[in-house]
Amino acid sequence: MQPGTIVAYRERGHLALGLVEKVSLPPAKVQLDLIGEDGKKSVLALDRLLFESRLTVPLSLPLPELKKRLQETRTQIDATAQTIDLKELWELVREETEAEFPWDELAGYLLSSTEHAFARLGVLDALLRQNLYFKEKKAGIFSPRTEDSIAEILRQHQLEQERLRMQQAFFSWARERVTTPGTPTPIPAGADRYLEPIKGFALNGDFYEKKLQAQKLIEEIGFRGKGHPWDVAFQLLVTLGIWEEDEELSLLRYQIPTRFPSEIVVAAEAVPEFTAGCAGYDDLTSLFTFTIDDADTTEVDDALSVSEEAGVTRVGVHITDVGFFVPPDSELDKAALARGTTVYLPRGKLPMLPPALSEDKASLIAGHLRPTLSFFVTIDSAGAISNEEIRRGVIRVGQRLSYAEADALLRSEDNAAITAALRRLQQVAQTRKARRLAQGAIVIDGEEIKVKVHEGKVTVTPLPNESPSRTLVGECMILANEMAARYCRTHHLPALYIAQPPPDEPVLPAASFPTQRVYVQTTRRLMKPSQIGTTPTPHAALGLQVYTQATSPLRRYHDLQMHHQIKHHLEHGTPLFNSERLQVIAAGAQESSTAAKRCERESTRYWLLRSLEEKKGQTISGQVVREYNGRSFVELDETLIVAPLTANMALPLGTEVQLVINHVDARRDMLSVRLTAGEQ
């Protein structure tokens, strides 16, 4: 091979030209020192060589002239390549899919032997540029593709073109929204493909596996924000109109469904109303039953009744029979399972069942006939139970009360039947609570608040921690749940039991602490989480040997399944579910309950912090409730949020303090407070 020879080789999948400057003969393999089309020098292994021409160029020519000669050769090759119809060539050899053709042999099918060698290189150039009809088996050797593989390549090409089109449409839309906020341009098709990584990054921050992809998309859009990169992702989604400024990220983080599929809504609306005379239900309409709930409650699960004879009291706890409307394994049952529980957020609730059932047909609305699972128990003046019974019944609620109304009646001098019933149930509740305390129950009566948000305005309402009607209802529900668990244990009926292990450290009496708030904070940290299982095990906090939950079937899937199990046994004497099925339900119930509680807690904290953002620099009050590593933590009076105190010293537990909000950022979950100048 002469110096100055024009050669062709493959470079990054394309045909490249070069002038041989020198042929090196090292011990391992022959190499060529080349001058490329761009004038740069390189070394080429001989096995990469595809073509060696007979034409040489004097290397003594100036470099610009050498580049010009190569460019002229390139022009000849390109001119031929543009005329090559590879489909025509494929038609000639399509049946020989296993054959391997050197490129110059394939060139012979299209060009005569008299064509200039550089013109024939146009065929090789076309083969390398377009791989639709032929695939390169090895350097310069090609085989025709099958019809199926060609069709698949065309399909993939079409998909790629569509992807590029959607990508361009997305970036154009996003850039327009960023540069002109509020532009009503509709979201283009396929935008979710690019929005999802950005959402994931905003939700999960540095732990998100597609973090780099999200950051690249944000950079490509050209959006500039402030704060951490995931804050920038959130700000972009707000700017694009995908999220709102106060987006409930906890709903997205825990994948809480916010809407029912249309077919589930239709199914709930199609469920017939309950009518009298259904087989298996006892007529209990002669009982005076009443409900006690928050004034804004729309899902009414439970009603109460009470009577007294010969010094003993017969209490009735009547729980709506949701299973009558939602049979096991029905579409409505599956929809309830997918949600697991009703989620209560400051901006509203996300019900487990569609409102057509939870707020209407299955809700214990006063004046309407409703099926129930009714728990009857006879209790003496000491709170001892002498007789208990579970029945499927029909009731008509006679009166609805709010907690405030019930408390007012208990304080009044009124002698009406409802007031007498409330007073008798209050006595029962007090004796039952006393018995539980004697059995080791751990009562943590902490302050509570209700947080509501309407049109962006946050309202924080303290709940009375000395509400006798709340205690009354709570004890009645505990009693019914204990009865349900005891019924299952007595009849060896597989059940979902709620247990709680005792704390590792002894819980000191509330009187041992400087304040009730310090006691509550300390004791809560000692308590272990409750567990759902199929083995009857004691519940430490309640002071009970066996416990389940069956009093909220409108709001908890676990309770609904317990209804199915007990009702089936009452009617047939056999269980509906075996232990294995209940274990699956228990796992799902535990997961959904945990997700719901975290979602509720995070959402409530966010809105409380949002309310505090408006009070930055203002003075608020609080109490020191915890000390850790020499640092004090204070519970703010209005919101009950616990925050670290920026101070040079630890303060005694229970100390009442005046504070200034130093910094608060609800979106980043940040809050810092300091003592006022007068308290330092």
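Note that the coordinates shown come from a computational prediction; the quantities given were computed from them, not determined experimentally. Throughout this document, residue positions are counted from 1 along each chain, in the order its sequence is written. Confidence filtering applies because this is a predicted model: local features only for residues at pLDDT of at least 70, side-chain atom pairs given and counted only at 80 or more, and all residues used for totals across whole chains, interfaces and linings. With hydrogens and water excluded, all non-hydrogen atoms of the structure serve as input to the side-chain values.

Chemist: Please explain the overall build of the protein chain as it appears in this structure.
Modeler: Scanning the protein chain for helices and strands turns up 18 helices and 26 strands. Note on method: radius of gyration uses C-alpha positions; expected globular size equals 2.2 Å times residues raised to 0.38. Relative to a compact globule of 680 residues, whose C-alpha radius of gyration would be 26 Å, the protein chain shows 39 Å and is clearly more extended. For the protein chain, the C-alpha atoms occupy an extent of roughly 125 × 70 × 55 Å along the three principal directions. Two residues qualify as a contact provided that any one of their heavy atoms is within 4.5 Å of a heavy atom in the partner residue. Partitioning the intrachain contacts of the protein chain with sequence separation of at least 6 by distance along the chain shows that 66% fall at a separation of at least 24. Split by element, the accessible area of the protein chain, about 33,900 Å² in all, is 50% carbon and sulfur. His is not counted, nor are the chain ends, whereas Lys and Arg count as positive and Asp and Glu as negative. Charge positions come from single atoms, namely NZ of Lys, CZ of Arg, CG of Asp or CD of Glu. In the protein chain, 78 side chains carry a positive charge and 91 a negative one; their mean positions are 3 Å apart. A run of H or I in DSSP becomes a helix once it reaches four residues, and a run of E becomes a strand once it reaches two; helices and strands are each numbered from the N terminus. Note on areas: Shrake-Rupley, 1.4 Å probe, and residue coverage restricted to the protein chains presented here.

Chemist: Even after reading the chapter, I still don't get the side chain of Glu475, so can you show me in this structure?
Modeler: Within the secondary structure, Glu475 sits in helix α15 (residues 468-490). Buried means the residue's accessible area, taken with a 1.4 Å probe over protein chains only, is under 20% of the maximum for its type, while exposed means over 50%, and partly exposed covers the values in between. Its relative accessible area of 7% is what places Glu475 among the buried residues. Here a polar contact is taken to be a pair of N or O atoms separated by no more than 3.5 Å, where protein atoms must pair a possible hydrogen donor with a possible acceptor and residues adjacent in sequence count only if both atoms sit in side chains. Within the structure, the side chain of Glu475 is placed 2.5 Å from the side chain of Arg436, a separation counted as a polar contact. Residues in contact with Glu475, not counting those within four places in the same chain, are Ala429, Arg432, Lys433 and Arg436.

Chemist: Which parts of the structure should I look at to understand the pattern of salt bridges?
Modeler: Think of it this way: side chains of opposite charge can pair up when their charged atoms draw near. Salt bridges are counted wherever a side-chain nitrogen of Lys or Arg sits within 4 Å of a carboxyl oxygen of Asp or Glu. Evaluated as defined, the whole model comprises 49 salt bridges. For Asp282, the salt bridge is made with Arg391, and the minimal N-O distance between the two is 3.1 Å. Of this pair, Asp282 sits in strand β9 (residues 282-283) while Arg391 sits in strand β16 (residues 385-396); the two residues are 109 residues apart in sequence, bridging distant segments of the chain. Given the relative accessible area of 23%, Arg391 is considered partly exposed.

Chemist: Can you walk me through the sheet that holds strand β25 (residues 656-665) in this structure?
Modeler: When DSSP finds at least two bridges between two strands, those strands are taken to pair. Spatial strand order, β22-β23-β24-β26-β25: five strands in a closed barrel with mixed pairing. Neighbour-to-neighbour, the strand axes of the sheet open up by a mean angle of 50 degrees, direction not taken into account. Across two bridges, strand β24 (residues 642-646) lies against strand β26 (residues 670-675) in parallel orientation. Bridge pairing in β26 places Thr646 opposite Arg674. Sheet strands touched by helix α16 (residues 516-526): β22 (619-628), β23 (631-636) and β24. Its angle to β22, the strand with the most contacts, is close to 45 degrees. Only C-alpha atoms enter the line fits that serve as axes; for helices the fit covers just the stretch in contact. Angles between N-to-C directions range over 0 to 180 degrees.

Chemist: Got a minute to help me understand the side chain of Arg339 in this structure?
Modeler: In this fold, Arg339 is placed in helix α11 (residues 331-339). Nearest to the buried, unbridged Arg339 among oppositely charged side chains is Glu299, at 9.0 Å. Sequence-distant contacts of Arg339, that is, excluding residues within four places in its chain, are made with Pro257, Thr258, Arg259, Phe260, Leu350, Pro351, Met352 and Ser592.

Chemist: Help me understand the packing of helix α10 (residues 262-270) against α11, please; the structure alone is not making it clear to me.
Modeler: Angle between the axes and distance between the axes: these two values describe a pair of packed helices. α11 packs onto α10 with a crossing angle of 125 degrees between their chain directions and a minimal axis gap of 10 Å. Comparing the axis directions of α10 and α11 gives the class oblique. As α10 packs across α11, the resulting crossing turns out to be left-handed. Contacts from Ile264, Ala267 and Ala268 of α10 reach α11 at Glu331, Leu332 and Ala335. Each residue gets one of three labels, nonpolar for Ala, Val, Leu, Ile, Met, Phe, Trp, Tyr, Cys and Pro, charged for Asp, Glu, Lys and Arg, and polar for the others, Gly among them. Among the residues forming the contact of α10 with α11, the class breakdown is five nonpolar, no polar and one charged. Angle categories: roughly parallel below 35 degrees, roughly antiparallel above 145, roughly perpendicular from 65 to 115, and oblique for all the rest. Each crossing is labelled by how the near helix is turned from the far one, with a counterclockwise turn of less than a right angle marking it left-handed and a clockwise turn marking it right-handed.

Chemist: So what exactly am I meant to see when it comes to the sheet that holds strand β7 (residues 134-138) here?
Modeler: Strands pair in a sheet through their backbones, by hydrogen bonds, and they do so in one of two ways: parallel or antiparallel. The strand order across the open sheet built from three strands is β6-β8-β7, with neighbouring strands paired in antiparallel fashion. Two strands lie at the open edges of the sheet, namely β6 (101-102) and β7, each paired on one side alone. Where β7 and strand β8 (residues 141-144) come together, four bridges link them in antiparallel fashion. The partner of Glu136 across the bridge, within β8, is Phe142.

Chemist: Mind showing me how you'd approach the packing of aromatic side chains here?
Modeler: Remark: the centre distance and the inter-plane angle together describe each pair of aromatic rings, the angle taken between the planes. Aromatic pairs are defined between Phe, Tyr and Trp rings, using the six-membered ring for Trp, whenever the two ring centres lie within 6.5 Å; interplanar angles under 30 degrees are classed as stacked, those over 60 as edge-to-face, and all others as tilted. This structure, assessed with the given rule, holds 16 aromatic pairs. Taking the centre distance of 6.3 Å and the plane angle of 40 degrees together, the rings of Phe171 and Tyr194 count as tilted. Residue Phe171 is located in helix α5 (residues 147-179), and its partner Tyr194 is located in helix α6 (residues 192-204); the two are separated by 23 residues in the primary sequence. For the pair formed by Phe171 and Tyr194, the shared burial category is buried. Judged by centre distance (5.0 Å) and plane angle (85 degrees), the rings of Phe324 and Phe325 are edge-to-face. The class of Phe324 is partly exposed, set by a relative accessible area of 30%. Judged by its relative accessible area of 3%, Phe325 falls in the buried class. Members of the aromatic cluster, each reached through a chain of ring pairs, are Phe170, Phe171, Trp173 and Tyr194. The ring of Tyr281 is capped by Arg392, whose NZ or CZ atom sits 4.4 Å from the centre of that ring. Note on criteria: charge over ring means Lys NZ or Arg CZ within 6 Å of the ring centre, with the direction from the centre no more than 35 degrees off the ring normal.

Chemist: Please clarify how the environment of Thr185 should be interpreted in this entry.
Modeler: Looking at the secondary structure, you find Thr185 in the loop between α5 and α6. Remark: the alpha-carbon pair of Thr185 and Ala174, spanning 11 residues in sequence, is separated by 9.6 Å. If we skip the residues at most four places from it in the chain, Thr185 touches Trp173, Glu176 and Arg177.

Chemist: Help me understand the packing of α5 against α6 in this model?
Modeler: Closest axis-to-axis distance for the α5/α6 pair is 10 Å, and the angle between their directions is 60 degrees. Compared by their axis directions, α5 and α6 come out oblique. In this structure, α5 uses Arg163, Met166, Gln167 and Phe170 to contact α6, whose residues at the interface are Arg193, Tyr194 and Leu195. Looking at the contact of α5 with α6, its residues break down into four nonpolar, one polar and two charged.

Chemist: Can you walk me through helix α4 (residues 117-129) in this structure?
Modeler: For a helix, the expected span equals 1.5 Å multiplied by the number of residues minus one. When the terminal C-alpha atoms of α4 are compared, their 19 Å separation across 13 residues agrees well with the 18 Å that a helix rising 1.5 Å per residue should span. Of all 13 residues that make up α4, 11 are buried, and the element is covered over most of its length. Listed in full, the buried residues belonging to α4 are Phe118, Ala119, Arg120, Leu121, Gly122, Val123, Leu124, Asp125, Ala126, Leu127 and Leu128.

Chemist: Is there a simple way to think about the environment of Ala510 in this case?
Modeler: Among the structural elements, Ala510 can be located in the loop between β20 (497-499) and α16. Given a relative accessible area of 30%, Ala510 falls into the partly exposed group. Separated by 501 residues in sequence, Ala510 and Tyr9 have C-alpha atoms that sit 88 Å apart. Aside from chain neighbours lying at most four places away, what touches Ala510 is Gln516 and Tyr519.

Chemist: Even after reading the chapter, I still don't get the nonpolar core, so can you show me in this structure?
Modeler: Remark: nonpolar core denotes a set of buried residues (Ala, Val, Leu, Ile, Met, Phe, Trp, Tyr, Cys) joined through side-chain atoms within 4.5 Å. By size, the foremost hydrophobic cluster in this structure holds 64 residues, and its most contacted members are Ile292, Val317, Phe375 and Leu422. Looking at which element gives the most residues to this core, the answer is α15, with 11 residues. Beyond its immediate chain neighbours, meaning those up to four positions away, Leu422 contacts Phe290, Ile292, Leu401, Ala406, Leu409, Leu410 and Leu472. Counting 34 residues, the second largest nonpolar core, distinct from the first, contains Ile6, Leu50, Phe51 and Ile84.

Interpretation note: all reported values are geometric properties and have no functional meaning in isolation.
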